[in-house]
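For reference, the chains in residue letters:
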Amino acid sequence: MAPCWTMWVSVVVSISTGLAMPDPSRAGSDQLSEEFLARYLDRQQSAQNPQVPQQVPGWPYTDVEFGQVAGVDVTPTYDVIVFHRGNRSWTEETFDAETNMLPESQRVSIPQDTIVRLDGNTGQVLSSFGANSFYVPHGLTVDREGNLWLTDVGTHQVYRIPKGQTEPDLTLGEKFVTKKDDKHFCKPTDVAVASNGDFFVSDGYCNARVLKFSATGQLLGKFGTNTLNADPEFPTSFNVPHSLALIEELDIVCVADRENQRALCFNAGLGSSKLGHFNRTIVPGGEIGRVYGLAYDPNSRVIHAAAVLSQQPVYDKQGYPYSPPRAFTYDIEGRFLGDWDYITPREAEQGPSIRHDIAVSPDGSDVYLADVLERVVRKFSIHPFANKKFFG
């Protein structure tokens, strides 16, 4: 099933956005394609309408200032970890376009603490560290032991920081060196960690591949090639594998193939399966725009995705405003369950938004979205997707 925005009739629009009447002056502007809108309209009748995550107003309840928020995850004790860029912004001038390297002038570490631990209930800052350690923070993962896994696209490295520590005990990649061999990365984006300690790295903006390592950092395998090709016949042709979600009970690792606008799953090779063999599609190409983040909730067996359909409300030919969602939920068979976190016109007036990462609490009750442009983390509370007909 395909997503159904709260947008098909003016009554729904008036309820969700407070805008009941069309604006003729906007008719035809900021539109998604007619074909795209028609697909949503045609499938609306069969779309499910489960309870979806609702934003927790005002969270965090204390003033917290971040730079560009690249990563978010939740610890086994329900603290929220945020990985942000402090006073550094990633712009078109940050990297050399040909080498993907930071210019010498940018090879200065960020002076602020880039790793912040928040209380999951209040959002109060509990601790922070990471000053003078990172250059362009990107991916953040907390494993089931509470260890932090981080990627820095500025250094082209991957780090593991043990629980309760502030320095890495494992570093992969060579600082400021980009290659496509077994010992280097090029702007690695994310890490997914298995219960046996094996871990996967999406690599990333340049190499467009996924690598699997043992707990000690030994390379076990890899898959993926660099191609702008969303054709289902070419599932391992990636264009910016941006996020990973591991589903251990199915022995699959799912990849947010950002610029191909899809999310695909492959055999993880943790059991008897062959690593990298295409297994299933969660988000078909082009269905929800660029897919930035994935988070798997084993409690409800659903995958939450952060994506960008549009950075602002769009209008149909009659000028009716539609509030595009920024988050979507699918079951593990790729059936669409709901969309949420809508961009309202009022919010759009405050500036553009990209939900860059997404995380779910251990019990599945809360979901967190990190916005790299708004420089915030938003909390959403879930009324569980408990309708078992979705899951067999």
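This structure is a prediction, so every number in the text was calculated from the model and none was measured. (Residues numbered from 1 in each chain as written. Predicted model: local features only at pLDDT ≥ 70, side-chain atom pairs only at ≥ 80, totals over all residues. Heavy atoms only, no water.)

Caption draft 1: Representation of the environment of serine 89 in the model. Position of serine 89 relative to the elements: it lies in the loop between β3 (80-84) and β4 (115-118). Each residue touching serine 89, except ones within four places of it in the same chain, is listed here: Gln68, Thr94 and Arg375. Within the structure, the side chain of serine 89 is placed 2.7 Å from the side chain of arginine 375, a separation counted as a polar contact. (Helix = DSSP H or I, 4+ residues; strand = E, 2+ residues; numbered from the N terminus. Contact = heavy atoms within 4.5 Å. Polar contact = N/O pair within 3.5 Å; in protein donor to acceptor, adjacent residues only side chain to side chain.)

Caption draft 2: View of the packing of aromatic side chains. This model, assessed by the stated rule, comprises 15 aromatic pairs. Seen in terms of ring centroids, phenylalanine 223 and phenylalanine 266 are 5.0 Å apart; in terms of plane orientation they differ by 45°. Their pairing is tilted. One end of the pair, phenylalanine 223, is in strand β13 (residues 219-223); the other, phenylalanine 266, is in strand β18 (residues 262-267), with 43 residues separating them in the sequence. Judged by its relative accessible area of 8%, phenylalanine 223 is buried. (Phe/Tyr/Trp six-rings, centres within 6.5 Å; stacked < 30°, edge-to-face > 60°. Buried < 20%, exposed > 50% of the residue type's maximum accessible area, 1.4 Å probe, protein only.)

Caption draft 3: Region of the structure containing the state of the cysteines. As enumerated under the stated definition, the model contains two disulfides in all. With its sulfur 2.2 Å from that of its partner, cysteine 186 forms a disulfide with cysteine 206. Classification of the bridge connecting cysteine 186 and cysteine 206 rests on its S-S torsion, roughly -65°, and on that basis the disulfide is left-handed. Residue cysteine 186 is found in the loop between β9 (170-172) and β10 (188-193), and its partner cysteine 206 is found in the loop between β11 (199-203) and β12 (209-213); the two are separated by 20 residues along the sequence. This pair shows no difference in class: cysteine 186 is buried, exactly as cysteine 206 is. Across a sulfur-sulfur distance of 2.1 Å, cysteine 254 and cysteine 265 are joined as a disulfide pair. Residues cysteine 254 and cysteine 265 share a disulfide whose torsion about the S-S bond is about 95°; that sign makes it right-handed. With cysteine 254 in strand β17 (residues 252-257) and cysteine 265 in strand β18, this pair connects stretches of sequence that are 11 residues apart. (Disulfide = S-S within 2.5 Å.)

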